[in-house]
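Each chain is listed here by its residues.
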Amino acid sequence: MLFRRKKETGTYDRESLRPALRCSICTGEQTAGFRNIHTGKFQEVTLIRTQEDLDAFMELYGIDEIEKIY
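Residues numbered from 1 in each chain as written. Predicted model: local features only at pLDDT ≥ 70, side-chain atom pairs only at ≥ 80, totals over all residues. Heavy atoms only, no water.

### Details of the side chain of Ser 16
Right, on to step 1. Within the secondary structure, Ser 16 sits in the segment before β1 (17-23).
Right, on to step 2. At 2.6 Å, the side chain of Ser 16 forms a polar contact with the side chain of Asp 13. (Helix = DSSP H or I, 4+ residues; strand = E, 2+ residues; numbered from the N terminus. Polar contact = N/O pair within 3.5 Å; in protein donor to acceptor, adjacent residues only side chain to side chain.)

Here's what the structure looks like:
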């Protein structure tokens, strides 16, 4: 490899946003994103299809644990 890809790191406002996984009870679809602590509004970032997608999202933003919203 001549060029190595830089590891991307995402940032978010840790004071007002909390990482969350929004799950649909009917279809089982999961969306990762951030939930505003003050307003409760959910901001979508990516669709989660596999465990690898979730692991990549958590690694990108440096998240150890994530809450589920139904």
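Here the narrative resumes.
### Observations regarding the sheet that holds β1
Right, on to step 1. Pairing is mixed in the open sheet, where four strands are placed in the order β3-β2-β1-β4. Looking at the sheet topology across the chains shown, the edges are occupied by β3 (42-48) and β4 (67-69). This sheet shows a mean twist of 35 degrees between the axes of neighbouring strands, independent of strand direction.
Right, on to step 2. Where β1 and β4 come together, three bridges link them in parallel fashion. If you follow Leu 21 over to β4, its bridge partner there is Lys 68.
Right, on to step 3. Here helix α1 (residues 51-61) sits on the sheet in contact with β1, β2 (30-36) and β3, set at roughly 130 degrees to β3. (Pairing = 2+ DSSP bridges. Axes fitted to C-alpha atoms, helices over the stretch in contact; angles between N-to-C directions. Contact = heavy atoms within 4.5 Å.)

### Overview of α1
Right, on to step 1. For α1, the set of buried residues is Leu 54, Phe 57, Met 58 and Tyr 61. On an axial view of α1, the arc spanned by its buried residues comes to 95 degrees, and they lie on one face. Facing away from the buried side of α1 by more than 90 degrees, the exposed set consists of Glu 52 and Glu 59.
Right, on to step 2. Buried residues along α1 sit against β1, β2 and β3. (Buried < 20%, exposed > 50% of the residue type's maximum accessible area, 1.4 Å probe, protein only. Arc of directions from axis to C-beta.)

### With respect to the pairing of β1
Across a regular strand the side chains alternate sides, sitting on one face of the sheet and then on the other.
Right, on to step 1. Buried residues dominate β1, accounting for five of its seven residues.
Right, on to step 2. Summarising the sheet, β1 and β2 pair through seven bridges and their orientation is antiparallel. In the sheet register, Arg 22 faces β2, and the bridge partner there is Thr 31.
Right, on to step 3. Between β1 and β2, which pair antiparallel in sequence order, lie six residues; one of them, Gly 28, sits at a positive phi of approximately 80 degrees.

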